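Residue-level structure breakdown
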Amino acid sequence: MADLTRADVAHLAGLARIDLSDAELDRMVGELGVILEAVATVQQAPIADVEPMSHPMPIVNVTRPDVVRPSLSPQDALAAAPETEQQRFSVPRILDEE
Amino acid sequence: MSTATEPVLGFDEALATYDPVMGLEVHVELGTATKMFCGCPTEFGAEPNTQTCPVCLGLPGALPVVNEKAVESAIRIGLALNCSIAPWCRFARKNYFYPDMPKNFQTSQYDEPIAFEGYLDVELDDGSTYRVEIERAHMEEDTGKSLHVGGSTGRIHGATHSLVDYNRAGIPLVEIVTKPMLGAGERAPEVAKAYVATLRDLLKALEVSDVKMEQGSMRCDVNLSLMPKGSAVLGTRTETKNVNSLRSVERAVRYEIGRHAAVLSGGGSITQETRHWHEDTGITTSGRPKSDADDYRYFPEPDLVPVAPAAETVEALRATLPEPPAERRRRLQTTWGYSDLEMRDVMNAGLVELVEETVAAGASPAAARKWWSGEIARRANTEGEDVPTYAERLGVTPAHVVELEGLVTAGRLNDSMARQAWEGVLDGEGTPTAVADARGLELVQDTGALEAAVDAVIAANPDVADKIRDGKVQAVGALIGQVMREMKGQADAGVARTIILERLGQA
Ligand SMILES: [Zn+2]
C-alpha cells in the first residue's frame, strides 16, 4: 500500500469536517500510517478463489410490506438533540455550501 | 458564492463551434405509503419531525428493513425504461457529513444498480424520435430538509444556524441516470425538456410517483459539457442541480451551453463543479467543487441483505406495465380525432389525462380540448403553474366542462356566453349552471321577442332587406348583427338567421 501523505489526511479531515492543526496533521499522518500498516496484513490472505461477501448469512430479499407504523412523537424525536428550535434540530451553520 | 453575471456566448454562435453533450439525472420520490427502510409515513407537508423513528433518525442500534413496494416500483421503472434487471444487487453506504442526513451516510446503490442499460424514445416537436440511452436506475433514500436562519430569505449565506426537519429523510427515491446524450446539437435544450416530459408521463402512467416537480417529487440535475465540432473527446462537465420545471430544464441547458462556449472560446477551461440554478434570473452560479466517487467512500451496506428478484417476479411485474405513453398517445389521437398539431398542443400543455377524464365524463373531445386549453391555460401560465395543478387548486373539474358543453348543446348558452360562464367558474363563482344563473346568461328562447326584433331590423334596413330578397343572402350578416344587438346578445345567432331568411323569402 502506498504511504499515507499529509495531503491525504488533510483531505480526509475535510470530508469528516474535522479541523486539524498543523501539529495534529503531522501526528495523524504517523498514527494513521501505523494503523493502516497493521490492517494491511489482511491483504496477505489467500482470497483468489473466494467470492466477495458483504453479509455473513446467505439470505436475500428481507423486506417488509408497505404499511405505516407509528412514528416517534416530535418530543421523543428531538429529546436527544442538544438544541432545538421550531420543532426542528438546530445545527451549526455550514460554511460556504448549499 | 459569486453572483456576478458571467459572460455567455449567443446560442447559435456557440453551436457553430461546439457540440453539446448532456447527461440527465432525475430523482423520483416514490409514492409509497412508508419510507424506504422504516414504517414512517411519507405525507407531504406534515408538521416538522412528526414522521421519524430510530431508523430514519440514524439512532444507534436501529436496523433498516427494505420496503417491498419500493423495490417493486424500482423494478417496474427499470422495465418501463427497457432496462435489464439485476438478478442480485446490494445497497451501499454513501458517506458524507452534512446535517440533512442524520446517519452521516445515505443508503444508496453504487456499482450494483437494480436496473441498468435501457433506453427511452423521446418524440420531438417535428415528429422525429431521439433515443435516450439509460445507464442505470437505482434505489436510494431522500434527505431531510434544512431551513437556514439568521441570514436573509432562508439562504445559507449569512445564516447563523440551520434547522432540520427529518420527515423527508428516508423517503424512497429512484435515481435515473442517462448515458451521455450526443448529437442533439442545436436541439439539445429541446431534447432535454422532451426527455424529462416523457419520463414524467411514463412514471405517472406507472403510478409509482405523483411526479410533481413543483413539490420536489421529481427533481432534475443537468450535466453538460461541450466538445469542439469534429472532436470525439468529451469536455469537462458541470452539474447544474435542482432544475425543477420542464421549462427550466430547457433554459438551463441553453444557458450552460452559452456559458461553457464563452469560457472555452476565450481560451479558458471549465471547472468541474456543481452549479446552482436560479429560476428567477435564468442563470447558474458556481457551487461546490464536485466530489469524486472516492470521497464518498462507498461500501456495501452491512445492515441490509442483498435484493435478488426472481425471474418470475420480474416477469410478473412486467405484466403490470401500462401501455407505453407513445402508443397510448397515438391511440388517443385517433380516438379523439385530433390533428397532429392539436395533439401536440394538448401534450405539451400536460392536458392528456385531463382531456381523457373529461371525455370519459361525457364531454366531446373537441370541447374538452377547447375549454382546458383556453382561458384556464392563460391564467395557469400567469400563475406559473401547469393546468392540472392549477385546476386542482381551483377545484375546477372535468364535470364542469361536461356541464358547460351541455348548456351549449341544450341551446341555453351560445359560445360567447359559455366563455363568460367558464370565466365565472374560474373566478370561483360555482358550477357553469350556477354562474349562468347568477350572471343571467341565457339565450332568449321566446321566439316572439326574437321575431319582433327581426321585424324591427328589417323595417329599419329596407335596402339590405331588398338585396337579400334579390338573392344576396350573404348580406344577412349585417342584419343578424343588429338583431343580436337588439337582443343584447341573448339570442341564438343561428335562429336569428333562419327567421330573417324566412321573412325575406330565402328559407
Ligand atoms: Zn422512520
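Every value quoted in this text rests on a predicted model; they were computed, and no experiment measured them.

A look at the overall build of chain A
If you tally the helices and strands in chain A, you get three helices and three strands. Tracing chain A from N to C terminus, the helices and strands come up as α-α-β-α-β-β. For 98 residues, the compact-globule estimate of 2.2 N^0.38 gives 13 Å, and chain A exceeds it by more than 25% at 22 Å. Along the longest, intermediate and shortest principal axes, the C-alpha atoms of chain A span 50 × 45 × 25 Å. When each of the 98 residues of chain A is scored for burial, the buried share is 6%.

Section: the domain arrangement of chain B
Structurally, chain B comprises domain 1 (11–295 + 304–314), domain 2 (325–439) and domain 3 (447–503). Of note, the centres of domain 2 of chain B and domain 3 of chain B, computed from C-alpha atoms alone, are 33 Å apart.

Considering the nonpolar core
All names here are of chain B. Core analysis: the largest hydrophobic core is formed by 86 residues, its most contacted members being Ala74, Ile77, Ile114, Ala137, Ala192, Tyr195 and Val222. With 10 residues, helix α3 (residues 188–206) is the single largest residue contributor to this core. Among the nonpolar cores identified, the runner-up in size contains 46 residues, and Val401, Leu413, Val425 and Ala496 belong to it.

Thoughts on unusual backbone geometry
Residues and elements named next belong to chain A. Positive phi, normally seen in glycine, also occurs at Asn61, with a value near 55°. Its location among the elements puts Asn61 in the loop between α2 (22–39) and β1 (63–64). We note that Gln86 has phi near 50°; this positive angle belongs to a residue other than glycine. Summarising the element assignment, Gln86 is placed in the loop between β2 (84–85) and β3 (88–92). By the C-beta count within 10 Å, which is 11 here, Gln86 ends up exposed.

Quick word on the packing of helix α10 (residues 375–382) of chain B against helix α13 (residues 415–426) of chain B
Residue and element names in this part refer to chain B. At their nearest, the axes of α10 and α13 sit 10 Å apart, and the two run at 35° to each other. Of the two possible hands of crossing, α10 and α13 adopt the one that is right-handed. Residue-level contacts link Glu375, Ile376 and Arg379 of α10 to Trp422, Glu423 and Leu426 of α13. When its residues are assigned to classes, the contact of α10 with α13 shows three nonpolar, no polar and three charged.

Some points on the interface of chain B and chain A
In this complex, chain B contributes 43 residues to the contact, which on the side of chain A involves 33 residues. Among the elements of the structure, β2 (66–67), α2 (68–80), β9 (161–165) and β14 (283–289) of chain B are those that each provide at least two residues to the side of chain B that touches chain A. Take the side of chain B that touches chain A: its biggest share by element is five residues, from β9 of chain B. Residue classes in the side of chain B that touches chain A are distributed as 23 nonpolar, 13 polar and seven charged.

A closer look at the sheet that holds strand β3 (residues 84–85) of chain B
All names here are of chain B. Read across the sheet, nine strands follow the order β3-β6-β7-β10-β1-β11-β12-β13-β14 without closing on themselves; strand pairing throughout is mixed. The open sheet has two edge strands with one neighbour each: β3 and β14. Both strand β1 (residues 18–29) and strand β11 (residues 218–228) contribute to a ladder of 11 bridges, which runs antiparallel. Bridging across to β11, Val21 finds its partner in Ser225.

Thresholds, definitions, all that
Residues numbered from 1 in each chain as written. Chains lettered and ligands numbered in written order. Predicted model: local features only at pLDDT ≥ 70, side-chain atom pairs only at ≥ 80, totals over all residues. Helix = DSSP H or I, 4+ residues; strand = E, 2+ residues; numbered from the N terminus. Rg over C-alpha atoms; globule rule 2.2 N^0.38 Å. Buried ≥ 20, exposed ≤ 12 C-beta atoms within 10 Å, placed from the backbone. Domains from an automatic or database assignment. Core = buried A, V, L, I, M, F, W, Y, C linked by C-beta atoms within 7 Å. Axes fitted to C-alpha atoms, helices over the stretch in contact; angles between N-to-C directions. Left-handed = near helix turned anticlockwise from the far one by under 90°. Contact = placed C-beta atoms within 7 Å. Nonpolar A, V, L, I, M, F, W, Y, C, P; charged D, E, K, R; others polar. Pairing = 2+ DSSP bridges.

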